[in-house]
Amino acid sequence: MNKRMIFFVVGRIISAEAALLALPALVSLIYLEKAGWAFLVTIGICAAAGFGISAISRPKSNTIYAGEGFAIVALGWMLMSVLGALPFSISGEVGYIDALFETVSGFTTTGGSVIPDCGTLSRGLLFWRAFTHWIGGMGVLIFIMAIIPNLSDRSIHIMRAEVPGPVVGKLVPRVKDTAKILYTIYIALTAAEAIFLLCGGMSLFESIVHAFSTAGTGGFGVYADSVASYSPYIQWVLAVFMLLFGVNFNLYYLIVMRKIGTALKSFELRVYISIVLVFSGVIFVDLFCNCAAFADTCVGDTVRTAVFHVSSFLTTTGFSTADFNSWPSLSQGLLFITLFLGGCAGSTAGGLKLSRVILLFKLAGRELKHLVHPRSVNSVEFEGKAVDEQTLFSVSTYFSIYMVFIGGTFFLLGFDPHINDFKTCLTSAVSCFNNVGPFFGYAGANGGFADYSVFSKLVLSFAMLFGRLEIYPLLLALTPSTWTKR
């Protein structure tokens, strides 16, 4: 274990956070807010800690293996969350535990909030909340790899530990160039959305905030009603871009390289689009026929509501335009399913990822065939290629551990007297672990997680981190044997 390299990179990550905090600090200063001082103090703390750790941990070797990659990702995300919460608490606008929950929710792109009315926050903190989505969506460590000059090409292990999905590879031979390509696409899509929102009448500040939140598939906004008060045009723009950010970014690279046909042949993409169309269609019919709240609503508005919420839940963004707790059971059931699915692998969405779900179904199908024809040999194919047994084993193992962690989170939430019903407890556990944000039940309709106990907020904070990093990095970093083995 190259411990010096681990702490050297972690120091760089903290230093990078100091630089990133300059943007919300500037916003606070522009609006002459007292929170600007909180940002400046936090910048000083991050800069001193980051440069100090890097200086005393300068490594003799730049080698990074899988273990180092996992440790860097886990420690980096935890420290960024701990330090990123400081502006909320130093400003006096939010207590530290609530600030930590809010920051973890931001970086993990969950979007669950403990602030009943976010409109009471200063502009700088609103900007920082949304910016944490943007940073965490693609992964701040990918950004670090793009700018740190002396990382070895084995930093692919950092990318594999941070980018969600079962398989992560390089777009081009060098990891640094891959990171630059990903961020170029990410920035271009974010800028395009902000422009479309501006054209719809949003202010510059709100356009940037919502573009950041959509890009990271997070869901933090500036009003207590999420985005319900915005025009149909704005809601359609948000729905379209939520879906775009739920697509594997490798496909955008293929499109840029003029390999559009190859990109459109993606089986995962076709499944993704099919789920959106089928689920939206069923929910539309269910709302139109069985929901009293939509009895006097025109067809176009009902279609928009159905598509918007399927897009929001499937991509784990979490924006909302209606009270889905009052919807019929069928519609709620379909949205609950999307809490698990997530977007495509290699996107900014959370959840299991569709590629992993597809492989699980294919694996189950193969086992059924084997029961009928015990001597048959059937390979599992995905995107036109045979999937090796190690990948299939990893997918099935991850799913087992994933369910255990959700069950454990659900069990621990049962000790909170503020969570007084099964639906609230279960869906809040599933929502946080899958980095979705909204959930069903009492708290889901009454200010998010504000009434949860300190214990539950800490449990859910860890659940969000475990879910965003897909368990293994954080699990290994918290295991003592990881640090004692040479």
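Our subject is the structure listed above.
Concerning the overall build of the protein chain
Alright, step 1. A tally of helices and strands in the protein chain yields 23 helices and two strands.
Alright, step 2. Residue burial in the protein chain is summarised as follows: out of 486 residues, 57% are buried.
Alright, step 3. Contacts in the protein chain between residues far apart in sequence, at least 24 positions, make up 72% of those at least 6 positions apart.
Alright, step 4. Surface accessibility of the protein chain: about 19,700 Å² in total, with carbon and sulfur atoms responsible for 68%.

Structural notes on the packing of aromatic side chains
Alright, step 1. Within the structure shown, the criterion is met by 35 aromatic pairs.
Alright, step 2. With a centroid separation of 6.0 Å and an interplanar angle of 85 degrees, the aromatic rings of Phe107 and Trp128 are classed as edge-to-face. With a gap of 21 residues between them, Phe107 in helix 6 (residues 96-107) and Trp128 in helix 7 (residues 123-138) connect regions that are remote in the sequence. Both residues of the pair, Phe107 and Trp128, count as buried.
Alright, step 3. A centroid spacing of 6.1 Å and a plane angle of 20 degrees characterise the contact between Phe131 and Trp134, whose relative ring orientation is stacked.

Focus on the side chain of His309
Alright, step 1. Along the chain, His309 turns up in helix 16 (residues 299-314).
Alright, step 2. With near-sequence residues (within four places) excluded, His309 lies in contact with Ser320, Thr321, Ala322, Phe324, Trp327 and Leu335.

Some thoughts on the side chain of Gln332
Alright, step 1. Mapped onto the fold, Gln332 is located in helix 17 (residues 329-341).
Alright, step 2. For Gln332, a relative accessible area of 11% puts it in the buried group.
Alright, step 3. Residues within four places of Gln332 in sequence aside, it is in contact with Phe324, Asn325, Ser326, Trp327, Lys423 and Phe440.

Topic: the pattern of salt bridges
Pairing between side chains becomes possible if they bear opposite charge and their charged atoms approach one another.
Alright, step 1. In total, this model carries seven salt bridges according to the counting rule given.
Alright, step 2. The partner of Lys457 in a salt bridge is Asp98, with the nearest N and O atoms 2.6 Å apart. Taken together, the residues Lys457 in helix 21 (residues 454-468) and Asp98 in helix 6 connect sequence positions 359 residues apart.
Alright, step 3. For Asp98, a relative accessible area of 23% translates into the label partly exposed.
Alright, step 4. With its nearest N and O atoms 3.9 Å apart, the salt bridge here joins Glu367 to Arg366.
Alright, step 5. Glu367 sits in the partly exposed class, given a relative accessible area of 39%.
Alright, step 6. Here Arg366 falls in the buried class, since its relative accessible area comes to 16%.

With respect to a nonpolar patch on the surface
Alright, step 1. On the surface, a nonpolar cluster with roughly 350 Å² of combined accessible area is contributed by Val82, Tyr96, Ile97, Val454 and Leu458.
Alright, step 2. For the nonpolar patch, the secondary structure elements donating two or more residues are helix 6 and helix 21.
Alright, step 3. Structurally, Ile97 can be placed in helix 6.

With respect to the packing of helix 19 (residues 389-413) against helix 20 (residues 422-433)
Working note: a packed helix pair is described by the angle between its axes plus the distance between those axes.
Alright, step 1. It is the contact of helix 19 with helix 20, at a shortest axis distance of 9 Å, that shows an interaxial angle of 135 degrees. When the axis of helix 19 is compared with that of helix 20, the two are oblique. Crossing geometry of helix 19 relative to helix 20 is assigned as right-handed. Contacts from Tyr402, Phe405, Ile406, Thr409, Phe410 and Leu413 of helix 19 reach helix 20 at Phe422, Cys425, Leu426, Ser428, Ala429, Val430 and Phe433.
Alright, step 2. Of the residues that constitute the contact of helix 19 with helix 20, the class distribution is eleven nonpolar, two polar and no charged.

Points about the packing of helix 11 (residues 204-215) against helix 12 (residues 232-245)
Alright, step 1. Relative orientation of the contacting elements helix 11 and helix 12 amounts to 35 degrees, with a least axis distance of 9 Å. Here helix 11 contributes His210, Thr214 and Ala215 to the contact with helix 12, which in turn contributes Leu238, Phe241, Met242 and Phe245.

Some words on helix 18 (residues 354-372)
Alright, step 1. The end-to-end C-alpha separation of helix 18 is 27 Å, in line with the 27 Å expected for 19 residues at 1.5 Å each.
Alright, step 2. Among all positions of helix 18, only Leu354, Ser355, Arg356, Val357, Ile358, Leu359, Leu360, Leu363 and Arg366 are buried.
Alright, step 3. The elements touched by buried residues of helix 18 are helix 15 (267-290), helix 17, strand 1 (381-382) and helix 19.

Here's the deal with helix 11
Alright, step 1. Between the first and last C-alpha of helix 11 there are 16 Å, a value that for twelve residues agrees with the 16 Å anticipated at 1.5 Å per step.
Alright, step 2. For helix 11, the buried fraction is high: ten of the twelve residues fall into the buried class.
Alright, step 3. Every buried residue of helix 11 is accounted for by Phe205, Glu206, Ser207, Val209, His210, Ala211, Phe212, Ser213, Thr214 and Ala215.
Alright, step 4. The positive-phi residue at the C-terminal boundary of helix 11 is Thr217, with phi of around 45 degrees.

A closer look at the environment of Gly333
Alright, step 1. Looking at the secondary structure, you find Gly333 in helix 17.
Alright, step 2. Overall, Gly333 belongs to the partly exposed group, its relative accessible area being 30%.
Alright, step 3. Residues Gly333 and Ile283, spaced 50 residues apart in sequence, show a C-alpha to C-alpha distance of 9.8 Å.

Observations regarding unusual backbone geometry
Alright, step 1. Of note, the phi angle at Thr217 is positive, near 45 degrees, even though the residue is not glycine.
Alright, step 2. Following the sequence through the fold, Thr217 ends up in the loop between helix 11 and helix 12.
Alright, step 3. Residue classification places Thr217 among the buried positions, given a relative accessible area of 0%.
Alright, step 4. Here the phi dihedral of Thr316 falls at roughly 60 degrees; this positive angle occurs in a residue that is not glycine.
Alright, step 5. Counting through the fold element by element, Thr316 comes out in the loop between helix 16 and helix 17.
Alright, step 6. A residue is classified by how much of its surface remains accessible, and Thr316, at 0% relative accessible area, is buried.

Definitions and limits used
Residues numbered from 1 in each chain as written. Predicted model: local features only at pLDDT ≥ 70, side-chain atom pairs only at ≥ 80, totals over all residues. Heavy atoms only, no water. Helix = DSSP H or I, 4+ residues; strand = E, 2+ residues; numbered from the N terminus. Buried < 20%, exposed > 50% of the residue type's maximum accessible area, 1.4 Å probe, protein only. Contact = heavy atoms within 4.5 Å. Areas by Shrake-Rupley, 256 points an atom, 1.4 Å probe, with all protein chains shown as cover. Phe/Tyr/Trp six-rings, centres within 6.5 Å; stacked < 30°, edge-to-face > 60°. Salt bridge = Lys/Arg side-chain N within 4 Å of Asp/Glu carboxyl O. Patch = residues over 30% accessible without salt bridge, like charges linked within 9 Å, V, L, I, M, F, W, Y side chains within 5 Å. Axes fitted to C-alpha atoms, helices over the stretch in contact; angles between N-to-C directions. Parallel < 35°, antiparallel > 145°, perpendicular 65-115°, else oblique. Left-handed = near helix turned anticlockwise from the far one by under 90°. Nonpolar A, V, L, I, M, F, W, Y, C, P; charged D, E, K, R; others polar. Expected span 1.5 Å × (residues − 1).

Note that every value here comes from positions in space, so none of it alone points to a role or purpose.
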